[in-house]
Amino acid sequence: MYTTILSVKVNTINFKIPSAFLKHEVEIDIYVPEGILGNEKIELLLLNDGQDVAKMNFTKILEEAHHNKRNHRLIVVAIKASADRLMEYGVAGVPDFKGRGAKAELYTDFIIKELLPFVKKKIAMPITGRVAFAGFSLGGLSAFDIAWNNPSVFDAIGVFSGAFWWRKKDLANGYTDADRIMHNLIDQTSTRPDMKFWLMTGTEDEKADRNKNLIIDSIDDTIDVVKGLLNKGYKRPEHVFYYEKVGGKHDVSTWESVMPAFLNWAFEV
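Draft legend 1. Spatial organisation of the overall build of the protein. What the protein contains, in helices and strands, is 8 helices and 8 strands. Relative to a compact globule of 269 residues, whose C-alpha radius of gyration would be 18 Å, the protein shows 18 Å and is just as compact. Looking at the protein as a whole, 51% of its 269 residues qualify as buried. Sequence-distant contacts, at least 24 apart, represent 73% of the contacts inside the protein between residues at least 6 apart. Just so you have it, the protein exposes about 12,200 Å², and 52% of that area is on carbon and sulfur atoms. In the protein, the 34 positive side-chain charges and the 36 negative ones have mean positions that sit 2 Å from each other.

Below is the structure:
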């Protein structure tokens, strides 16, 4: 007996979308598998910091994710950050102690009211599978915030080396862990009970260890997000998956190396 090997070629299309909310154009790359017939289960992934995706061999990653998959197709939209990234990314309505993230609400409006309608019009086929939002570092925090607060739109969240340290007080001004903005959001609000969360850190993500417990802050902060989600009733591993990459750094090559694991967990391709 011979097995037919199904290969899928992925094409990249670049667009620049004028945003009334952000007052500038937003550049995106859409990765589209060839030969979609419309009877497959079509899934959608938005990725913040699309300029980092462009540094990866992302087309190959996506083609390999589709290898031998007959009935599922994943379309990916990589959103390139603007020069105002530190203001547009963050937690909507809650700037950090330096005032960063002040335009996060406007960025949310861009994603929900401008980007998604544009993408769906270009795809011209219904999204019948999961819709996820993911990102790297501060882009991961932004993706988490937007997806958490729009449960009717998103099914899953992916965060690579997330900036979960995002805080209301500087360390020198009486900071405690209660000042972390995303952890408070999780504690004080709710989202859909079947939301899926994929959270990743690297053991060499940074050097900082503010509480001197010999665990770097990025790991501490991410594990505390996991704890917050478990306290909300989410279960591991069906809802929450934590990936700690030994030797992983805060860089594109680390995020590229774990991207296949995220795609395999979050989607059916």
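Draft legend 2. Spotlight on the pairing of strand β2 (residues 24-33). Sheet topology places strand β1 (residues 10-19) next to β2; 10 bridges connect them, and they run antiparallel. Across the sheet, the residue bridging to lysine 16 is glutamate 27, located in β2. Taking the residues that link successive antiparallel strands as the turn, the β1-β2 hairpin has 4 residues, and the phi of lysine 23 there is positive, at about 65°. Across 4 bridges, β2 lies against strand β4 (residues 72-79) in antiparallel orientation. Bridging from a neighbouring strand, tyrosine 31 pairs with valine 76 of β4.

Draft legend 3. Layout of the packing of helix α5 (residues 138-148) against helix α6 (residues 181-188). Axis separation between α5 and α6 bottoms out at 11 Å; the angle between their running directions is 20°. Judged by the angle between their axes, α5 and α6 are roughly parallel. In the packing of α5 onto α6, the handedness of the crossing is left-handed. From α5, Leu141, Phe144, Asp145 and Trp148 reach across to α6, where they touch Met182, Leu185 and Ile186. For the contact of α5 with α6, the residue count by class is 6 nonpolar, no polar and 1 charged.

Draft legend 4. Summary view of the side chain of aspartate 205. Structurally, aspartate 205 can be placed in the loop between β7 (196-204) and α7 (217-231). Buried charge without a partner: aspartate 205 forms no salt bridge, and the closest opposite charge is lysine 249, 10 Å away. A distance of 2.6 Å separates a polar atom in the side chain of aspartate 205 from a polar atom in the side chain of histidine 250. Sequence-distant contacts of aspartate 205, defined by excluding residues within four places in its chain, comprise Ser161, Ile216, Ser218, Gly248, Lys249 and His250.

Draft legend 5. Up close: the pairing of strand β3 (residues 41-47). For β3, the tally of buried residues reaches 6 of 7 residues, placing the bulk of the element in the interior. Direction of pairing for β3 relative to strand β5 (residues 131-136): parallel, over a ladder of 4 bridges. Bridge pairing links leucine 47 to alanine 134 in β5.

Draft legend 6. Structural context of the environment of asparagine 57. Mapped onto the fold, asparagine 57 is located in the loop between α1 (50-53) and α2 (58-65). Placed 199 residues apart in sequence, asparagine 57 and glutamate 256 show a C-alpha to C-alpha distance of 7.8 Å.

Draft legend 7. Structural detail: the sheet that holds strand β8 (residues 240-249). Ordered in space as β1-β2-β4-β3-β5-β6-β7-β8, the 8 strands form an open sheet in which the pairing is mixed. Single-partner strands in this sheet number two, and they are β1 and β8. On average, adjacent strands in this sheet sit at an angle of 20° to one another, irrespective of strand direction. The strands touched by α5 within the sheet are β5, β6 (156-160) and β7, with β5 carrying the most contacts at an inclination of about 155°. Along the sheet, α7 makes contact with β7 and β8, crossing β7 at roughly 160°.

Procedures and definitions
- Each residue is numbered by its place in its chain's sequence as written, counting from 1.
- Local features in this predicted model are restricted to residues whose pLDDT is 70 or higher, and side-chain atom pairs enter the listing and the counts only when it is 80 or higher, whereas totals over whole chains, interfaces and linings include all residues.
- In computing side-chain properties, one takes all heavy atoms of the structure into account and sets aside hydrogens as well as water.
- Counting from the N terminus, the helices are DSSP H or I runs at least four residues long and the strands are E runs at least two residues long.
- Computation of the radius of gyration draws on C-alpha atoms alone. For the globule rule, the value is 2.2 Å times the number of residues to the power 0.38.
- Categorising residues by exposure relies on relative accessible area from a 1.4 Å probe, with only protein chains included: less than 20% of the type maximum marks a residue as buried, more than 50% marks it as exposed, and the intermediate range marks it as partly exposed.
- Contacts are assigned to residue pairs that have any heavy atoms within 4.5 Å of one another.
- Note on areas: Shrake-Rupley, 1.4 Å probe, and residue coverage restricted to the protein chains presented here.
- Positive: Lys, Arg. Negative: Asp, Glu. His and the chain ends are not part of the count.
- Charge placement uses NZ in Lys and CZ in Arg. For Asp and Glu, CG and CD serve respectively.
- A strand pair is defined by DSSP finding two or more bridges across the two strands.
- Lines fitted to C-alpha atoms define the axes, with helix axes restricted to the stretch in contact, and inter-axis angles between N-to-C directions lie between 0 and 180 degrees.
- Angle categories are assigned with fixed cut-offs, so that under 35 degrees is roughly parallel, over 145 is roughly antiparallel, 65 to 115 is roughly perpendicular, and the rest are oblique.
- Each crossing gets its handedness from the near helix: less than a right angle anticlockwise from the far helix is left-handed, clockwise is right-handed.
- In this classification, the charged set is Asp, Glu, Lys and Arg, the nonpolar set is Ala, Val, Leu, Ile, Met, Phe, Trp, Tyr, Cys and Pro, and all remaining amino acids, among them Gly, are polar.
- Definition used for salt bridges: Asp or Glu carboxyl oxygen within 4 Å of a side-chain nitrogen of Lys or Arg.
- Whenever two N or O atoms come within 3.5 Å, that pair is a polar contact, provided that in protein one can donate a hydrogen and the other can accept it, and provided that, for residues adjacent in sequence, both atoms are side-chain atoms.

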